[in-house]
Amino acid sequence: MGRDVAANVTERDHCRCDKCRHPQTLQKLVDVVSLPEKLEPTTVEQLEDGVKIKWNDEHESFFTYKWLHLHSYAPRLEKYYSPRFKHWDSSIAENPPVTEYEKIMESDEGVAEWTRKIYIHGFSFISGVPPTPEATERLLNRIAFIRNTHYGGFWEVIPDLSSKDLAYDNIPLRAHTDTTYFSDPCGLQMFHMLSHTGGTGGESLLVDGFRAASILRKEHPEAYKILSKVRVPAHASGNADVSIRPYASMPTFIHHPVNGELLQLRWNPDDRGTMDRWANEDETEEWYAAVRLWEGILRDEKSEYVFQLQPGTPVIFDNWRVLHGRRGFTGVRRFCGGYINRDDFYSRYLLTNYGRERVIEAI
Ligand SMILES: [Fe+2]
Ligand SMILES: [Zn+2]
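None of these values were measured; they are calculated from a predicted model.

(A) Structural context of the overall build of the chain. Secondary structure assignment for the chain yields twelve helices and 15 strands. Referenced to the eigenvectors of the C-alpha coordinate spread, the extents of the chain come out at roughly 80 × 55 × 45 Å. By residue count, 45% of the 363 residues in the chain fall in the buried class. Contacts in the chain between residues far apart in sequence, at least 24 positions, make up 76% of those at least 6 positions apart. Carbon and sulfur atoms provide 51% of the accessible area of the chain, an area that totals close to 19,200 Å². Charge separation in the chain, taken as the distance between the mean sites of 44 positive and 53 negative side-chain charges, equals 1 Å.

(B) Main features of the pattern of salt bridges. What the rule picks out here adds up to 19 salt bridges. A salt bridge links D13 to K28, with the shortest nitrogen-to-oxygen separation between them at 3.8 Å. Placement of the pair is D13 in helix α2 (residues 8-13) and K28 in the loop between α2 and β1 (41-46), with a sequence separation of 15 residues. A relative accessible area of 15% means that D13 is categorised as buried. Salt-bridge contacts for D318 lead to R342; the nearest nitrogen and oxygen are separated by 3.4 Å. Of this pair, D318 sits in strand β13 (residues 315-318) while R342 sits in helix α11 (residues 342-354); the two residues are 24 residues apart in sequence, bridging distant segments of the chain. Accessibility classification places D318 together with R342 in one group, the buried group. If you follow the salt bridges from partner to partner, you end up with K103, E113 and K117 in one network.

(C) A look at the coordination of the zinc ion (ligand 2). Protein ligation of the zinc ion (ligand 2) involves C15 (SG), C17 (SG), C20 (SG) and H59 (NE2), the donor distances falling in the range 2.1 to 2.3 Å. Coordination at the zinc ion (ligand 2) comes from four donor atoms whose angles at the metal span 102 to 118°, giving a geometry best classed as tetrahedral. Read N to C, the donor residues that coordinate the zinc ion (ligand 2) are spaced as C-x1-C-x2-C-x38-H. In this pair, C20 sits in the loop between α2 and β1 while H59 sits in the loop between β2 (50-55) and β3 (60-64), placing the two residues 39 residues apart along the sequence. Of the two residues, C20 and H59, both sit in the buried class.

(D) How the structure looks around the sheet that holds β2. Read from one edge of the open sheet, three strands run β1-β2-β3, paired in antiparallel fashion. Each having just a single partner strand, β1 and β3 make up the two edges of the open sheet. On average, each strand axis in the sheet is inclined to that of its neighbour by 15°, with strand direction left out of account. Relative to β3, β2 runs antiparallel, the two being bridged by five bridges. By the bridge assignment for β3, K52 is matched with F62.

(E) Structural detail: the packing of helix α5 (residues 108-121) against α11. For the pair α5 and α11, the least separation of the axes is 8 Å and the interaxial angle reads 125°. As judged from the angle between their axes, α5 and α11 are oblique. Of the two possible hands of crossing, α5 and α11 adopt the one that is left-handed. Contacts between α5 and α11 involve D108, V111, A112, T115, R116, I118 and Y119 from the former and R342, F345, Y346, R348, Y349, T352 and N353 from the latter.

(F) Inspection of the UniProt feature "domain: Gamma-butyrobetaine hydroxylase-like N-terminal" (unreviewed entry) in the chain at higher detail. Within the UniProt annotation, "domain: Gamma-butyrobetaine hydroxylase-like N-terminal" (unreviewed entry) is assigned to residues 12-69. Strand forms 29% of residues 12-69 and helix 12%; the C-alpha atoms that close the span are 16 Å apart.

(G) Up close: the coordination of the iron ion (ligand 1). Coordination of the iron ion (ligand 1) by the protein involves H176 (NE2), D178 (OD) and H324 (NE2), with metal-donor separations of 2.2 Å. Sequence positions of the residues that donate to the iron ion (ligand 1) give the spacing H-x1-D-x145-H. Taken together, the residues span a long stretch of sequence, with H176 in strand β7 (residues 173-176) and H324 in strand β14 (residues 322-326) at a distance of 148 residues. Assigned by exposure class, H176 and H324 land together as buried.

(H) Region of interest: the domain arrangement of the chain. Domain parsing of the chain yields domain 1 (3-79) and domain 2 (90-354). The C-alpha-based centres of domain 1 and domain 2 are spaced at 43 Å.

(I) Just the packing of aromatic side chains, in detail. As enumerated under the stated definition, the model contains 25 aromatic pairs in all. For the ring pair Y119 and Y349, a centre distance of 4.5 Å and an interplane angle of 10° mean the geometry is stacked. One end of the pair, Y119, is in helix α5; the other, Y349, is in helix α11, with 230 residues separating them in the sequence. Take Y119 and Y349: they sit in the same class, and that class is buried. For the pair F123 and Y305, a centre-to-centre distance of 5.8 Å together with 45° between the ring planes defines the contact as tilted. Here the residue F123 occupies a position in strand β5 (residues 123-127), and Y305 occupies one in strand β12 (residues 304-307), the gap between them amounting to 182 residues. Owing to a relative accessible area of 5%, Y305 belongs among the buried residues under this scheme. An aromatic cluster is defined as three or more aromatic residues linked by ring pairs; in this entry it consists of F85, Y119, F210, F345, Y346, Y349 and Y354.

(J) Looking closely at the sheet that holds strand β8 (residues 188-197). Across the sheet, which stays open at both edges, the six strands sit in the order β4-β5-β13-β8-β15-β6 with mixed pairing between neighbours. Looking at which strands have only one partner, the edges of the open sheet turn out to be β4 (98-100) and β6 (155-157). Strand after strand, the sheet turns through a mean of 20° between neighbouring axes, direction not considered. Sheet analysis places β8 next to β13, joined by four bridges and oriented antiparallel. Bridge pairing links M190 to I316 in β13. Across the face of the sheet, helix α6 (residues 133-141) comes into contact with β5, β6, β8, β13 and β15 (332-340) while running at roughly 20° to β15.

Calculation criteria
Residue positions are given per chain, counted from 1 along the sequence in the order it is written. Written order decides the labels, with chains lettered from A and ligands numbered from 1. The model is predicted, so local features are restricted to residues of pLDDT at least 70 and side-chain atom pairs to those at 80 or more, both for listing and for counting; the totals for chains, interfaces and linings are taken over all residues. As a rule here, side-chain values come from all non-hydrogen atoms in the structure, and water together with hydrogens is ignored. The secondary structure listing takes helices from DSSP runs of H or I that are at least 4 residues long and strands from runs of E that are at least 2 residues long, numbered from the N terminus. Working definition: with a 1.4 Å probe on protein chains only, accessible area under 20% of the residue-type maximum means buried, over 50% means exposed, and in between means partly exposed. Residue contacts are defined here by distance: any two heavy atoms, one from each residue, within 4.5 Å place the two residues in contact. Calculation of accessible area relied on Shrake-Rupley with a 1.4 Å probe; when residues are assessed, cover is drawn exclusively from the protein chains displayed. For the charge count, each Lys or Arg is scored as positive and each Asp or Glu as negative, with His and the chain ends excluded. Lysine's charge is taken at NZ, arginine's at CZ, aspartate's at CG and glutamate's at CD. Note on definitions: salt bridges are taken to be side-chain nitrogens of Lys or Arg within 4 Å of carboxyl oxygens of Asp or Glu. Counted as coordinating are nitrogen, oxygen and sulfur atoms within 2.8 Å of the metal, or 3.2 Å for Na, K and Ca, while water is not included, which may make sites look incomplete. Under the classification used here, a metal with four donors is tetrahedral if each angle lies between 85 and 135 degrees, square planar if opposite donors are over 155 degrees apart and the others between 65 and 115, a six-donor metal meeting that same test is octahedral, and anything else is irregular. At least two bridges found by DSSP between two strands is the condition for calling them paired. In this analysis, axes come from line fits to C-alpha atoms, helices being fitted only over the stretch in contact, and the angle between any two N-to-C directions falls in the range 0 to 180 degrees. Here roughly perpendicular refers to angles of 65 to 115 degrees, roughly parallel to angles under 35, roughly antiparallel to angles over 145, and oblique to all remaining angles. Crossings are sorted by hand: turned counterclockwise from the far helix by less than a right angle, the near helix makes the crossing left-handed, and turned clockwise it makes it right-handed. UniProt positions are given in the numbering used here, feature names are shortened, and annotations may be inferred rather than shown by experiment. Where a domain begins and ends is set by an automatic assignment or by a domain database. Stacked, tilted and edge-to-face are the three classes assigned to paired rings of Phe, Tyr and Trp, where Trp is represented by its six-membered ring and a pair needs centres within 6.5 Å; plane angles under 30 degrees give stacked, over 60 edge-to-face, the rest tilted.

If you want it as structure tokens, here you go:
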């Protein structure tokens, strides 16, 4: 337990009793400032499942051994209980992650399996979904509520041949992540193609951005550094009543502040604003060179998982990790889908996979 028990104030600050932590809301009731500076245990009793501490101000705390182990910080004993991400390339086409609709709708075990696949691989198909917007929306809601944006919430596109932007709608879209213009980009995105009539093409493509980034990091560390540093202004201003941008321009690769692990990918060259926030002039040349290398990896055949979406088999993917795009097409395609926040997805993933007790203990 090391310094965990020795560090008295920290220990007391985290007391689990009902006076120190609200039993229902699990919020802290301790006023950090009011903790006695000279806090010491008068007795420490080792019981079967934990330690009972009596403090010199008469307060009593109890910590289970499990809790002490989970939260020890010197040394850190807690292990990641999440399975690690599995990188994939185009060969995932042979055995892509799929979850059954029925299973998801019937039980939380089904949701656990589904969210685990999304967490590990960054995406999952769902098989056996009724090809209707209503069923698709209900399916999304099994994870969490649908995120509203300036485009609305759950969306359905019924192409209108007279519409001016149908031409735009048919063109190929290179691999990108969505909503780089939000401070908190959308976490999950689902696409369900309800029908495709009178034409061909329109294959979808997914790219494992974390795999691509790890290749760039290994083969071109300087380019990786540049894309981790140079901030790329992004905006959404197509609708007359909005001009959305993040609270600060963000670089393409966002890392954990302590362990340096890649956490989020933001890459949509089309939604960039003017690149005028360089830290120094040299960066301009370096950035364009780095982007050529980065796009080279993204567009490599080995990176692209290309498939044709089918009615009844939507796909959902982690927009912080997996890039998406599509080939050009002819004819008329009816699509529906929606976004889910990353935090709401992660909460559902944790609770369905590990159970509330274990998740709460680790807070
Ligand atoms: Fe997109
Ligand atoms: Zn207490």
